[in-house]
Amino acid sequence: MSGLSLALAGFGLMLLAIFLRMPIAAAMGGTGFLGTWIVLGTPNAALSQLKTLPYDTFSSYSLSIVPLFLFMGQIAARSGLSAALFHAVAAWMGHHRGGMAVAAVGASAGFGAVCGSSLATASTMGQVALPELRKRGYSDALATGVVAAGGTLGILIPPSVMLVIYAILTEQNIVKMFAAAFIPGLLAALGYALAVLVVVHLRPGAGPAGQRVAYRERMAALVQVWPVAAIFALVMGGIIGDWNWSRDGVQALFTPTEGAAVGALATLLYAVIFEGLRLRAIGEAILETASATGLIFLILLGAQLFNTFLAFTQAPQALAAWVQASEAGPMTVLLLILLAYLVLGCVMDSLSMILLTIPVFFPIIQSLDFGQTPEETAIWFGVLTLIVVEVGLITPPVGLNLFIINRLARNVPLGVTYRGVAPFILSDLIRVAVLVSFPALSLWLVGVLV
């Protein structure tokens, strides 16, 4: 059996294990271990990996950024920043038809800027915005759909855990990935807001207008969100900024890991000093961070084992050679890969998709000529990948954000939420088409800031 055939068989076995409800980390790791054994004809190499790979993977300094950003999001959620964001945007937009739903989008974007996790953004904003939307008479479809879609903004708006993992996997500059994702993230929020306006235009009863709030109250609500702006400016300004002290010319610049640590500390200090966060809540945030980090790292380990198996089969190289021999145009190949992500998003979670497919798809993309430097292609492809992975979070039947919102709104049938996210999925597809057609939207800020 050829290496490519073995790789395809291994991929099918892994998907079967996932469908049988085996934990994803175990499905990837077990298939990788078994596949390596079969390819080499002995279990010794696979067993040796189990001895060394966990330490080599988990001791990576670059990965320490993951728990730091997750902890920052946990503290932000417990300190009331999400509620302040929602009420601030609602004070300015709530009197318009569909304005409260737009406020949910804006608040999700703001919270994603200090959280970095889509699932945490969806869960937190669902608890804050969903009751308000339903109390104001918004339809169940629009209320649950907009909160589920708004949660996906956490995966793209920097700082983002998924951006960090992609950068590590492809050996790209994390700072440049953050800069590249900024404009697409804003386009995502704008596209979702426009989707809300289209829905309420077609079905006015889906999002009734609220009462106008006095300007004094609007300004007071706006002042309440200063911590979000300050923390975002501190973290991203420190990571991307380029400051020189006039006396000795020393350049002051955070590394991404240092920026994550500064952001986590700043969020914690704000929560304790201004919001009176108790020790018990901090302990719960630490436990939640440890749990989420452990899950991510186990999936990462399983993916490393599976990708080692793929490397032994030389499937990525064989696929890249096949693509070049087929003489298919670069854009055709890119669109097929993006389509594959959309299909996988229906049955897999975003982290597993990234860890599983990047070692296969990335060499193929790098072998094609898009009229860009290899680094520009890698950054552009990373942004596109995260967007289509983001779509997977709200795509039936296994969109994780849909199930999070369904748990928060148990009396809303899941099918209603499926209908509610349809306009936002359409908005995402339009955004993908725009970013594929105009790579400069992803790359321009990289050249300006980095």
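Rules used throughout
Residues numbered from 1 in each chain as written. Predicted model: local features only at pLDDT ≥ 70, side-chain atom pairs only at ≥ 80, totals over all residues. Heavy atoms only, no water. Helix = DSSP H or I, 4+ residues; strand = E, 2+ residues; numbered from the N terminus. Buried < 20%, exposed > 50% of the residue type's maximum accessible area, 1.4 Å probe, protein only. Contact = heavy atoms within 4.5 Å. Lys, Arg positive; Asp, Glu negative; His and termini not counted. Charge placed at Lys NZ, Arg CZ, Asp CG, Glu CD. Patch = residues over 30% accessible without salt bridge, like charges linked within 9 Å, V, L, I, M, F, W, Y side chains within 5 Å. Areas by Shrake-Rupley, 256 points an atom, 1.4 Å probe, with all protein chains shown as cover. Salt bridge = Lys/Arg side-chain N within 4 Å of Asp/Glu carboxyl O. Axes fitted to C-alpha atoms, helices over the stretch in contact; angles between N-to-C directions. Parallel < 35°, antiparallel > 145°, perpendicular 65-115°, else oblique. Left-handed = near helix turned anticlockwise from the far one by under 90°. Nonpolar A, V, L, I, M, F, W, Y, C, P; charged D, E, K, R; others polar. pLDDT = per-residue confidence, 0-100. Polar contact = N/O pair within 3.5 Å; in protein donor to acceptor, adjacent residues only side chain to side chain. Phe/Tyr/Trp six-rings, centres within 6.5 Å; stacked < 30°, edge-to-face > 60°. Expected span 1.5 Å × (residues − 1).

Helix and strand counts for the protein come out as 21 helices and two strands. Its C-alpha atoms give the protein principal-axis dimensions of roughly 75 × 60 × 45 Å. Per-residue burial over the protein gives 53% buried out of 450 residues. Taking as baseline every contact in the protein between residues at least 6 positions apart, the subset at least 24 positions apart corresponds to 78%. The positive charge centre, built from 19 side chains, and the negative charge centre, built from 18, are 16 Å apart in the protein.

A contiguous nonpolar surface patch, about 710 Å² in accessible area, is contributed by Val 223, Trp 226, Leu 265, Leu 269, Val 272, Ile 273 and Phe 274. The leading source of residues in the nonpolar patch is helix α13 (residues 256-273), at four residues. Tracing the sequence through the fold places Val 223 in helix α11 (residues 215-223).

The next subject is the packing of helix α7 (residues 118-135) against helix α19 (residues 400-408). The interhelical angle for the contact between α7 and α19, taken along N-to-C directions, is 30°, at an axis separation of 10 Å. By the angle between their directions, the pair α7 and α19 is classed as roughly parallel. Judged by the twist between their axes, the crossing of α7 over α19 is right-handed. Contacts between α7 and α19 involve Ser 118, Leu 119, Ala 122, Ser 123, Gly 126, Gln 127 and Leu 130 from the former and Leu 400, Asn 401, Ile 404, Ile 405 and Leu 408 from the latter. A class-by-class count of the residues in the contact of α7 with α19 yields seven nonpolar, five polar and no charged.

The next thing to look at is the pattern of salt bridges. Evaluation of the coordinates by the stated rule reveals eight salt bridges. Close ionic contact of Arg 78 with Glu 284 constitutes a salt bridge, the shortest N to O distance being 4.0 Å. In this pair, Arg 78 sits in helix α4 (residues 65-78) while Glu 284 sits in helix α14 (residues 279-313), placing the two residues 206 residues apart along the sequence. With a shortest N-O distance of 2.3 Å, Asp 428 and Arg 431 are connected by a salt bridge. A residue pair is termed a helical-turn pair when its members lie 3 or 4 positions apart in one helix, as Asp 428 and Arg 431 do in helix α20 (residues 414-437) at three residues.

Across the protein, the average pLDDT comes to 84, with 96% of residues at or above 70. Mean pLDDT values for the elements of the protein range from 45 in strand β2 (residues 251-252) up to 92 in α20. Counting interchain partners and residues more than four positions distant, the pLDDT-below-50 stretch residues 243-252 has 11 contacts.

Quick look at the side chain of Thr 170 now. As for its placement among the helices and strands, Thr 170 is situated in helix α9 (residues 161-170). Among the residues examined, Thr 170 registers a relative accessible area of 7% and is labelled buried. Polar side-chain contacts of Thr 170 include one of 2.8 Å to the backbone oxygen of Tyr 166.

Counted according to the given criterion, the structure contains 12 aromatic pairs. Ring centres 5.4 Å apart and planes at 80° place the aromatic pair Tyr 341 and Phe 361 in the edge-to-face group. A residue pair is termed long-range when its members are at least 10 positions apart, and Tyr 341 in helix α16 (residues 330-344) and Phe 361 in helix α17 (residues 350-366) qualify at 20 residues. Judged by its relative accessible area of 15%, Phe 361 falls in the buried class.

Examined against the element boundaries, Ile 239 turns out to sit in helix α12 (residues 226-240). Residue Ile 239 is classed as buried on the basis of its relative accessible area of 1%.

Let us now look at helix α8 (residues 140-151). If you check α8, its first and last C-alpha atoms are 17 Å apart, about what 12 residues at 1.5 Å a residue would give, namely 16 Å. Burial analysis of α8 places 11 of its 12 residues in the buried class, which makes it a mostly covered element. For α8, every residue scored as buried is listed here: Ala 141, Leu 142, Ala 143, Thr 144, Gly 145, Val 146, Val 147, Ala 148, Ala 149, Gly 150 and Gly 151. On its buried face, α8 sits against α6 (99-115), α7, α10 (174-202), α19 and α20.

Now for the environment of Ala 113. For Ala 113, the location among the structural elements is in helix α6. Assessed through its relative accessible area of 9%, Ala 113 is described here as buried. The residues touching Ala 113, leaving out its near neighbours within four places in the chain, are Ile 157, Pro 158, Pro 159 and Phe 232.

Residues other than glycine seldom take positive phi values, yet Glu 171 does so here, at roughly 60°. You can see Glu 171 is positioned in the loop between α9 and α10.

With that out of the way, let us pick up the packing of α16 against α17. In contact at an axis separation of 11 Å, α16 and α17 are set at 170° when each is read in the N-to-C sense. The pairing of α16 with α17 is recorded here as roughly antiparallel in orientation. Across the interface between the two elements, Val 333, Leu 334, Ile 337, Ala 340, Tyr 341 and Leu 344 from α16 touch Met 353, Thr 357, Ile 358, Phe 361, Ile 364 and Ile 365 from α17. Its residues assigned to classes, the contact of α16 with α17 shows 11 nonpolar, one polar and no charged.

Relative to the assigned elements, Val 161 resides in helix α9. Take Val 161: its relative accessible area is 6%, and that puts it in the buried class.

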